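# Summary of structural features
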Amino acid sequence: MITHAKISCSPDGSFIAFAHGSTVRLFNSRESKFVRLGGQEEKTEQAFVAHKATVRAIKFDRQSRHLVSCGDDKKVLVWDCQTGECVGQRLMPKKISAAHFDPYGDIVVADKTGDVYKLSPQPKGEEGTNGASVSVGPDQMQMPCEFLLGHCATVTDVMILGYGKDDNLLVATSDVEKKIRISRHPCCFEIESFCFGHKSFVTVMDWAAFKTHDGGHIPLLLSGAGDGSVRLWEPSTGNLLDTYDVLKTKVLKSKVETKGEEEGEREERAASADNTANAIDANADAAANTATDITESAAAATAAAAAAAAAAALS
């Protein structure tokens, strides 16, 4: 049985998170050590069993301060990357299939029935008047939940496009029915566009910013699917900008290799035919020489018989 696994890197490169089955590990790449999650012992080398079922998503926030993990046990857990403490949690009604942080630190999660929610990992009163952190109890760790939008199929990935306050943020959600929906954030009932073109379920999305000459930027969306293609979209319009077909590239490579093999086989067959023709010519020459020898022997025998007959007549 193949165990589900996930890996995620923080935006600043300081942390790498691994999820394997129901376990989660957090590695501090700058200090070359694992962060102890959930109060596990300092010398432990085992992965922390953070969930009671398979973890489906692990994501960092854009400041690389928090990590969210969620999955089939319906739990959404938020971890402090420095201390490894759980600073937020929420039990959702359905199994979680995807999660992503928005620029404000809120979490957008999607479940396997197609519903998408927004959670806030920072309860009110978490910071004191001087900005220092204060301890929060288990009740305060329960993150508020707000419904955003819904799909008619399992949501496979969710992505927030844009940088923050000065941007019109977009929410991209993909599903198993080959489509990508682009909605306004936070008013997600406003559908900006749909991205159609994949021939199979969409598996993953990411975004990139195209810089303009005036210092602004245009968010672009990348998507990958079970049809073996990676596509580049303009999310505001749903226009397909480019496609890279991985499977087609493999087929073309296979055709080139096959063509080379066929040419080699043809050369081998031609060489074999030439050798056969040469052997036939050699056999023909040998047969001709043999026939000549037989003819010459017959002529000599005839001459000898004639001479013998003449001698007998004279006697």
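This section reports on the structure supplied with the text. (Residues numbered from 1 in each chain as written. Predicted model: local features only at pLDDT ≥ 70, side-chain atom pairs only at ≥ 80, totals over all residues. Heavy atoms only, no water.)

## Considering the side chain of His 51
One can find His 51 in the loop between strand E5 (48–49) and strand E6 (55–60). Looking at His 51, its side chain comes within polar contact range of the side chain of Asp 73, at 3.0 Å. Look past the residues within four positions of His 51 in its chain and what remains in contact with it is Ser 22, Val 24, Ser 69, Cys 70, Asp 73, Lys 75 and Leu 77. (Helix = DSSP H or I, 4+ residues; strand = E, 2+ residues; numbered from the N terminus. Polar contact = N/O pair within 3.5 Å; in protein donor to acceptor, adjacent residues only side chain to side chain. Contact = heavy atoms within 4.5 Å.)

## A short note on the environment of His 198
With respect to the helices, strands and loops of the structure, His 198 is situated in the loop between strand E17 (191–195) and strand E18 (202–211). Residue classification places His 198 among the buried residues on the basis of a relative accessible area of 5%. Separated by 20 residues in the primary sequence, His 198 and Lys 178 place their C-alpha atoms 5.6 Å from one another. Beyond its immediate stretch of four places on either side in the chain, His 198 contacts Lys 178, Ser 223, Gly 224, Ala 225, Asp 227, Ser 229, Arg 231 and Trp 233. Side-chain polar atoms of His 198 contact the side chain of Ser 229, separated by 3.2 Å. (Buried < 20%, exposed > 50% of the residue type's maximum accessible area, 1.4 Å probe, protein only.)

## So, the pattern of salt bridges
Counted by the stated rule, this structure contains 8 salt bridges. Residue Lys 33 pairs with Glu 31 through a salt bridge whose shortest N-O separation is 3.2 Å. The shortest N-O distance in the salt bridge between Asp 227 and Arg 231 comes to 4.0 Å. Taken as a pair, Asp 227 and Arg 231 share a single burial class, namely buried. In this structure, a network of salt bridges that share partners links the residues Arg 56, Asp 72 and Lys 112. (Salt bridge = Lys/Arg side-chain N within 4 Å of Asp/Glu carboxyl O.)

## Section: the packing of aromatic side chains
Scanning the model with the defined rule gives 3 aromatic pairs in all. Where Phe 27 meets Phe 34, the ring centres are 5.1 Å apart and the plane angle is 70°; that geometry is what we call edge-to-face. Seen from their ring centres, Phe 194 and Phe 196 are 5.6 Å apart, and the 20° between their planes marks the pair as stacked. Relative accessible area serves as the criterion here: at 55%, Phe 196 is assigned to the exposed category. In this structure, Arg 25 packs its charged tip against the face of Phe 34, placed 3.8 Å from the ring centre. (Phe/Tyr/Trp six-rings, centres within 6.5 Å; stacked < 30°, edge-to-face > 60°. Lys NZ or Arg CZ within 6 Å of the ring centre and 35° of its normal.)

Purely geometric numbers; function is a separate question.
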